[in-house]
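Chains, contacts and geometry: an overview
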Amino acid sequence: MTSERPQAAPAAGAENEAAPSTSGCGAVPPTVILVIGMAGSGKTALMQRLNSHLHMRKIPGYILNLDPAVLDVPYGANIDIRDTVNYKNVMKEYNLGPNGGILTSLNLFATRFDQVIRLCEKERNPPLQFIMADTPGQIEIFTWSASGSIITQAFASSFPTMIAYVVDTPRCMSPQTFMSNMLQACSIMYKGQLPLLLVFNKTDVTDHQFALDWMKDYENFNEALESDSTYASTLSRSLSLVLEEFYCNLRTVGVSALTGLGMDEFLEGVKACGQDWHRFYKPELDRRQKAKADAEAQRQADEMSKLSLDRQAETPRPPSASKT
Ligand SMILES: Nc1nc2c(ncn2[C@@H]2O[C@H](COP(=O)(O)OP(=O)(O)OP(=O)(O)O)[C@@H](O)[C@H]2O)c(=O)[nH]1
Ligand SMILES: [Mg+2]
């Protein structure tokens, strides 16, 4: 049984934006923030900062830790995967390496995710505004595994859900690293089919303006690549042109998990993504669910008609009147 840790009490009186209810947990459903990013980009530090920021602003939030391999969680997680699965035991029991251990732990946890959704949907006073989930640094384990899809879909079909893709800004000063990060963000957005907020973290070390300039103007990025004439830089130039469409629809924010810089802007970005979910993603989700339900209803109707044909064929005919 997936259990809930005692909730760090949020204070009353917080407001929530008006949006239609989808979860049955009160008038306005909370927005789910899936915090995803490369190893060491600052996901856990951001969760910690968000937690304290929400407390300071008296905004009720709910926190999940989905990283089974983390040693210390520096925030009070309401639900922690480590309470349900023991990563070290999983490695031993199934004779797995570290990544296999994380993947299998997530798979085991995903089988009980309906319980997590029920806990998130529980009515609270004041109602939750945000549900935040920290994910493992082995990014592909969450984004490309069946369990990652199950967890993402379970959230997305119950709540407005968005992805906060955390970028290590100082490391992105190299154009090649920047491009790798953008490609990763792009692939996660298409795989998750959810609104994505690009979160430039560690802006206390390096301001993210250079990255915004690169995204806004191809020539800027081209200049940064000028000194480099390798194959990788030529490819980066071409990719930058390809990604222009991705960039122009992308929401971005600069934050520092260390100093708390940009946290209000981050929450604004999350809310905007929540509205995008209602406007664009929910109708598509409803359409997919309806198509699935229609296909199932059609399958059942076909089965029933086949069954009744079989029965007709099997029913013995009444003896015909003998002609004498
Ligand atoms: N200067 C600075 N350092 C940061 C910031 N955010 C995180 N860090 C540091 O970056 C390192 C990694 O942070 P984590 O929060 O553990 O990163 P993570 O993405 O959760 O890492 P994994 O879970 O291992 O993938 C730590 O040393 C943090 O102190 C920030 O905003 N500014
Ligand atoms: Mg972490």
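You'll find the structure just up there.
Residues numbered from 1 in each chain as written. Chains lettered and ligands numbered in written order. Predicted model: local features only at pLDDT ≥ 70, side-chain atom pairs only at ≥ 80, totals over all residues. Heavy atoms only, no water.

Section: the site of ligand 1
Note the cut-off: Residue proximity to a molecule or strand is established when one non-hydrogen atom of the residue lies within 4 Å of it. Under the rule applied, a polar contact is a pair of N or O atoms within 3.5 Å (in protein, one hydrogen donor and one hydrogen acceptor; residues adjacent in sequence only if both atoms are side-chain atoms). Exposure was quantified through the Shrake-Rupley algorithm and a 1.4 Å probe, taking into account, for residues, occlusion by the shown protein chains and nothing else. When residue character is reported, Ala, Val, Leu, Ile, Met, Phe, Trp, Tyr, Cys and Pro are called nonpolar, Asp, Glu, Lys and Arg charged, and the others, Gly included, polar.
Among the 17 residues in the neighbourhood of ligand 1, the closest are listed as K43, T44, A45, D204 and A257. In the environment of ligand 1, an oxygen atom lies 3.1 Å from a nitrogen or oxygen atom belonging to the side chain of K202. Contact with the protein chains removes 67% of the 650 Å² of surface that ligand 1 exposes when unbound. Looking at the shell around ligand 1, its residues break down into 6 nonpolar, 7 polar and 4 charged.

Examining helix α9 (residues 218–225)
Put simply, the rule reads: For every residue, the accessible area obtained with a 1.4 Å probe (protein chains only) is divided by the maximum for its type, and the residue is called buried under 20%, exposed over 50%, and partly exposed between those limits. Numbering of helices and strands starts at the N terminus; helices are DSSP runs of H or I of at least 4 residues and strands are runs of E of at least 2. For this quantity, the arc is that covered by the directions from the helix axis to the C-beta atoms.
Taken residue by residue, α9 has Y218, F221, N222 and L225 as its buried positions. Down the axis of α9, the smallest arc covering the buried residues is 105°, so these residues share one side. Measuring from the side-chain oxygen of the N-cap residue of α9 to the backbone nitrogen of E219 gives 3.0 Å; that N-cap residue is D217.

Section: the nonpolar core
Soluble globular proteins: nonpolar side chains tend toward being buried together. The line we're drawing: Put simply, buried Ala, Val, Leu, Ile, Met, Phe, Trp, Tyr and Cys residues joined by side-chain atoms within 4.5 Å make one nonpolar core.
Counting residues in each nonpolar core, the largest one holds 58 residues, and the members touching the most others are L64, F113, F155 and L198. Per-element accounting of this core gives the leading share, 7 residues, to helix α7 (residues 175–192). Counting 27 residues, the second largest nonpolar core, distinct from the first, contains V35, V73, L197 and M263.

Quick look at the environment of V116
Structurally, V116 can be placed in helix α4 (residues 113–121). For V116, a relative accessible area of 0% translates into the label buried. The spatial distance from the C-alpha of V116 to the C-alpha of E4 is 8.4 Å, given a sequence separation of 112 residues.

Some remarks on the layout of surface pockets
Going by this rule: In this analysis the probe radius is 1.4 Å and the grid spacing 1 Å, with only protein atoms considered; a cavity is a set of points the probe fits into but cannot get out of, a pocket is an open set with protein on both sides within 12 Å along at least five of seven lines, and lining residues have an atom within 4 Å of a point. Grid points are joined across faces, edges and corners, and a volume is the space filled by probe spheres set on the points.
The volume enclosed by the largest pocket comes to roughly 250 Å³. Lining the largest pocket are 16 residues; nearest its centre among them are M189, F246, N249, L250 and Y281. With 4 residues, the top contributor of residues to the lining of the largest pocket is helix α12 (residues 263–314). Split by residue class, the lining of the largest pocket holds 12 nonpolar, 1 polar and 3 charged.

A look at the packing of aromatic side chains
To be explicit about the condition: The criterion for an aromatic pair is that two Phe, Tyr or Trp rings (for Trp, the six-membered ring) have centres within 6.5 Å, with stacked assigned to planes under 30 degrees apart, edge-to-face to planes over 60 apart and tilted to the rest.
Applying the stated criterion across every chain yields a total of 8 aromatic pairs. Between F113 and F155, the ring centres sit 5.2 Å apart and the planes meet at 90°, which makes this aromatic pair edge-to-face. Residue F113 is found in helix α4, and its partner F155 is found in helix α6 (residues 146–156); the two are separated by 42 residues along the sequence. Taking the relative accessible area as the measure of exposure, F113 reaches 2% and is therefore buried. Between F210 and W214, the aromatic rings sit 5.1 Å apart at their centres with planes inclined by 80°, giving edge-to-face as the arrangement. Taken together, the residues span about one helical turn, with F210 and W214 both in helix α8 (residues 209–216) at a distance of 4 residues. Of the two residues, F210 and W214, both sit in the buried class. Every member of this aromatic cluster is reached through a ring pair, and the members are F109, F113, F155 and F159.

A short note on the packing of α4 against α6
Here is the rule: A fitted line through C-alpha atoms represents every axis, and for helices the fit uses only the stretch in contact; the resulting angles, taken between N-to-C directions, go from 0 to 180 degrees. With respect to orientation, any angle under 35 degrees is reported as roughly parallel, any angle over 145 as roughly antiparallel, any angle of 65 to 115 as roughly perpendicular, and every other angle as oblique. Left-handed describes a crossing in which the near helix is turned anticlockwise from the far one by less than a right angle; the clockwise case is right-handed. The contact criterion used is simple: two residues touch if any of their non-hydrogen atoms lie within 4.5 Å.
Closest axis-to-axis distance for the α4/α6 pair is 10 Å, and the angle between their directions is 30°. With respect to each other, α4 and α6 are oriented roughly parallel. Considering the relative orientation of α4 and α6, their crossing is right-handed. Contacts between α4 and α6 involve F113, I117 and C120 from the first element and I151, A154 and F155 from the second.

Regarding the pattern of salt bridges
The condition that has to hold: Definition used for salt bridges: Asp or Glu carboxyl oxygen within 4 Å of a side-chain nitrogen of Lys or Arg.
Throughout the structure, instances matching the rule amount to 11 salt bridges. A salt bridge links R251 to D276; the shortest N-O distance between them is 3.0 Å. Of this pair, R251 sits in strand β7 (residues 251–254) while D276 sits in helix α12, and the two are 25 residues apart along the sequence. Across the pair E296 and R299 runs a salt bridge, and its minimum N-O distance is 2.8 Å. Taken together, the residues E296 and R299, both in helix α12 and 3 residues apart, mark about one turn of the helix. A relative accessible area of 42% means that R299 is categorised as partly exposed. Taken together, the shared-partner salt bridges in this structure form one network comprising E284, R287 and R288.

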